[in-house]
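So you can see what is in the structure, the chains are spelled out below.
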Amino acid sequence: MESCEDSIAQVAACVRRFRADFKEHTELELRLGTYTDGQFCPGVSKDVFNDLERDLQDAAVLTADPGWMEHTDFHYTTARNETARTRVEYDTENIELNTTHTIKTTRQNVIFRRTDGGDEAFRIAVATETPLEDPPGSCMPTHVRIKQRKRFVDVRNGSVVWSYELSKTWSACSRNAVEHKQHTTEPAYEVECELSDCGRAYVARHSDEQIARSLLMKGNLLLGEDPDTVLEMCDASEAGRPPAKRARARGRRQT
């Protein structure tokens, strides 16, 4: 049986990795989704997405983007067999296209799921986004995604500490196919929370365990659980190491 301390310890290990790898464009994020048959799939229902948008919009401590921003991601494999992403964004203020090329690698993650038999879950992950210095002149995309996103940020002393991102996404194997899907199908609805901590003041003032508790609390609240509910820890893994064995958590609800 997993305890609250076990869960905190696993998440604190992710926080330590984030702290140590900061200079390598590292991000620490929480993503909502489902966990079935040993697999995590990001995304929530439209109703949950709309409820969360209202909740975040009404939160007095958060500052919302004025509207939805759109970009297109092209995923492909480089000549060195690396999975890369080229992101194209339209800058409406300067009337220009911005293009970035990165390689994203997940270093460590842990997944938690409801204890009431449902498959709703969240994943906390540490990943590095390394700039691709020599992108190919042309490539054959393996996956193309259009994403419309809206951010809600928690600003403290002039710096963004936490950011919440709601996204509507369409995916396909080519640009033409994904643009067709955008106009003819419902999007996938995705929810993320990231420790941005632009000035690094938050990490400097808080221990790994304190940040881990905050992440778990945020995950519970986004799932609609009580803040101190202990969820089932389904999977915990680190790059180069196998996933931990699944174990049932000790659930607890406040009345």
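In this text the structure is predicted, and so the values were computed from the model without any measurement.

Draft legend 1. Highlighting the nonpolar core. Counting residues in each nonpolar core, the largest one holds 39 residues, and the members touching the most others are L28, L32, F112, F122, I124, L195 and L215. Beyond its immediate sequence surroundings of up to four residues, F112 is in contact with S7, V11, E120, A121, F122, I124, L216, L231, E232, M233 and C234. Counting residues in hydrophobic clusters, the runner-up holds six residues, among them F74, I146, W170 and A172.

Draft legend 2. Up close: the pairing of strand β10 (residues 188–195). Here β10 lies mainly inside the structure; six of its eight residues are buried. As defined by bridge partners, strand β9 (residues 159–172) adjoins β10 across eight bridges and the pair is classed as antiparallel. Bridging from a neighbouring strand, Y164 pairs with C193 of β10.

Draft legend 3. Up close: the pattern of salt bridges. Counted according to the given criterion, the structure contains 24 salt bridges. Between R87 and D73 there is a salt bridge, with the nearest N and O atoms lying 2.7 Å from each other. One end of the pair, R87, is in strand β5 (residues 83–91); the other, D73, is in strand β4 (residues 69–77), and 14 residues separate them in sequence. Take R87 and D73: they sit in the same class, and that class is buried. Between R113 and E232 there is a salt bridge; the shortest N-O distance is 3.4 Å. Here R113 is found in strand β6 (residues 96–113), whereas its partner E232 is found in strand β11 (residues 232–238), with 119 residues between them in sequence. Here the two residues R113 and E232 agree in accessibility, since each one is buried.

Conventions and cut-offs
- Residues numbered from 1 in each chain as written.
- Predicted model: local features only at pLDDT ≥ 70, side-chain atom pairs only at ≥ 80, totals over all residues.
- Heavy atoms only, no water.
- Core = buried A, V, L, I, M, F, W, Y, C linked by side-chain atoms within 4.5 Å.
- Buried < 20%, exposed > 50% of the residue type's maximum accessible area, 1.4 Å probe, protein only.
- Contact = heavy atoms within 4.5 Å.
- Helix = DSSP H or I, 4+ residues; strand = E, 2+ residues; numbered from the N terminus.
- Pairing = 2+ DSSP bridges.
- Salt bridge = Lys/Arg side-chain N within 4 Å of Asp/Glu carboxyl O.

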